[in-house]
Amino acid sequence: MLTYAFWNNKGGTGKTSLAFQTICRYADRNPSKRILVVDVCPQANLSELFLGGLTNFGSKNLLERQGLMPRCSVGGYFQLRLPSPFAAPDFSVQDFLTKPAEYNPTIPQNVDLFCGDPLLELQANAINTLSNAQIPGIDPWIEIIDWIKDALDQVKDEYDVAFIDANPSFSIYTQIALSTTNLLILPVMADDSSRRAIQNAFSLIYGLKLPSEVYSKYAFANKLEQSNRSLPQVHIVAKNRITQYMGPASAYAAVLRSIEQDVASLINSNHEIFTFPEVQQGIVSIRDFQTTGVVAFARGCPFYRLPSGKLDIGGRRVQVQEKYKTDCINAIDALVNML
């Protein structure tokens, strides 16, 4: 099973909305593939979108799933693991999964969902403490970092592709998610903080340009490599929310060029962490979805299923123009074509 993760340690890059549209479009274009979505984010926004969005009871449906026994979410699974952190107890991961099409008919039938959960924030301190335990004969950090891997290994023959939405942080549950990932999709915005964030991302995952050797033995990359585990490779850098104002002479375009130059430099020095040999082969530009995006996400609806014309959103009539919707679909298709 091939595993992608959408991640950037900076929030506000449009990661979750991009993940929702990309996953739905990929599933629609590949109806014979079985797809598992894993929402490793305490905000669980991706799960709410799959379960109906703002106007179609996505939040209510998510709470319903979290209210079951066992709790039908990543948090529920972690709750099961906490008393037995270093050896997986008997469990069936299917007990924790949801078929989103049963709640939201716009979602393809070949998608299953491992819901997100705010419990992850509460569990993080306990998980961190356990991962730092000193226990002869085992590596507690590795045992815990494999929690999601343990779950996915159980269903690796039942799904073709897994997509993970990872929290914009580098907390222990984000590390658990990224350690399971084969290919990384890294959304960035046209601002200086995004440039710094992408530089930080390479430090956090790959241990590049650490401020001191003191940090090396604690680095995520070194700890994985010492246990003969592979690191995810960067597969796509998505320049997200590109607008008509980002002309070649704009300050926004200058920042995006700087990000490309940073990536090109890293390809030359650390080519093994990328799946592409030339920077332009791994970069995609995604237009700002504007009103079409707002409507689609309020309804929990993929662009290709969204009707055009005037639609009711929270008691207000909002216009979705066919041309703009087509532009949004084409933008997502450009990313899906690279998967």
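Before reading on, note that the structure itself is shown above.
Cut-offs applied
Residues numbered from 1 in each chain as written. Predicted model: local features only at pLDDT ≥ 70, side-chain atom pairs only at ≥ 80, totals over all residues. Heavy atoms only, no water. Helix = DSSP H or I, 4+ residues; strand = E, 2+ residues; numbered from the N terminus. Contact = heavy atoms within 4.5 Å. Core = buried A, V, L, I, M, F, W, Y, C linked by side-chain atoms within 4.5 Å. Buried < 20%, exposed > 50% of the residue type's maximum accessible area, 1.4 Å probe, protein only. Phe/Tyr/Trp six-rings, centres within 6.5 Å; stacked < 30°, edge-to-face > 60°. Pairing = 2+ DSSP bridges.

(A) Geometry of the environment of Pro-100. Of note, Pro-100 is situated in the loop between α4 (74-81) and β3 (111-114). Sequence separation between Pro-100 and Leu-49 is 51 residues, and the spatial gap between their C-alpha atoms is 9.5 Å. Ignoring sequence-local partners within four residues, the contact set of Pro-100 consists of Phe-50, Leu-51, Ile-107, Val-111, Asp-112 and Leu-113.

(B) Representation of the nonpolar core in the model. Ranked by size, the top nonpolar core spans 61 residues in total, and within it Phe-78 and Phe-202 carry the most contacts. Examining the composition of this core, we find that six residues originate from one element, helix α11 (residues 251-269), more than from any other. If we ignore the near neighbours within four places in the chain, the residues touching Phe-202 are Leu-186, Gly-207, Leu-208, Val-234, Leu-266, Ile-273 and Phe-274. Within the second largest apolar cluster, 47 residues are counted, among which are Ile-23, Cys-24, Ile-185 and Ile-236.

(C) Fine view of the environment of Ala-221. Within the secondary structure layout, Ala-221 lies in helix α10 (residues 220-226). Residues Ala-221 and Ile-205, spaced 16 residues apart in sequence, show a C-alpha to C-alpha distance of 5.9 Å. Among all residues touching Ala-221, those that are not within four sequence positions of it are Ile-205, Tyr-206, Gly-207 and Leu-231.

(D) Local environment of the packing of aromatic side chains. For the coordinates displayed, the defined rule picks out 19 aromatic pairs. Summarising the aromatic geometry, the rings of Phe-6 and Phe-163 are spaced 6.4 Å apart at their centres and angled 35° between planes, so their arrangement reads as tilted. Of this pair, Phe-6 sits in strand β1 (residues 2-6) while Phe-163 sits in strand β4 (residues 161-166), and the two are 157 residues apart along the sequence. Aromatic ring contacts, followed pair by pair, group Tyr-77, Phe-78, Phe-91, Phe-96, Phe-114 and Trp-147 into a single cluster.

(E) Layout of the pairing of β4. Among the six residues that make up β4, six are buried, leaving the element largely enclosed by the rest of the structure. Bridge count between β1 and β4: five bridges; the pairing is parallel. Residue pairing for β4: Phe-6 is matched across the bridge by Asp-165. Looking at chain direction, strand β2 (residues 35-40) and β4 are connected through six bridges and run parallel. What sits directly across from Val-37, in β4, is Phe-163.

(F) Structural detail: unusual backbone geometry. Cis rather than trans, the peptide bond between Met-69 and Pro-70 has omega equal to 0°. Tracing the sequence through the fold places Pro-70 in the loop between α3 (58-66) and α4. In this model, Phe-57 sits at a positive phi of 65°, which is unusual for a non-glycine residue. Within the fold, Phe-57 resides in the loop between α2 (45-50) and α3. With a phi angle near 60°, Asn-228 is a residue other than glycine that sits in the positive phi range. Structurally, Asn-228 is set in the loop between α10 and β6 (233-242).

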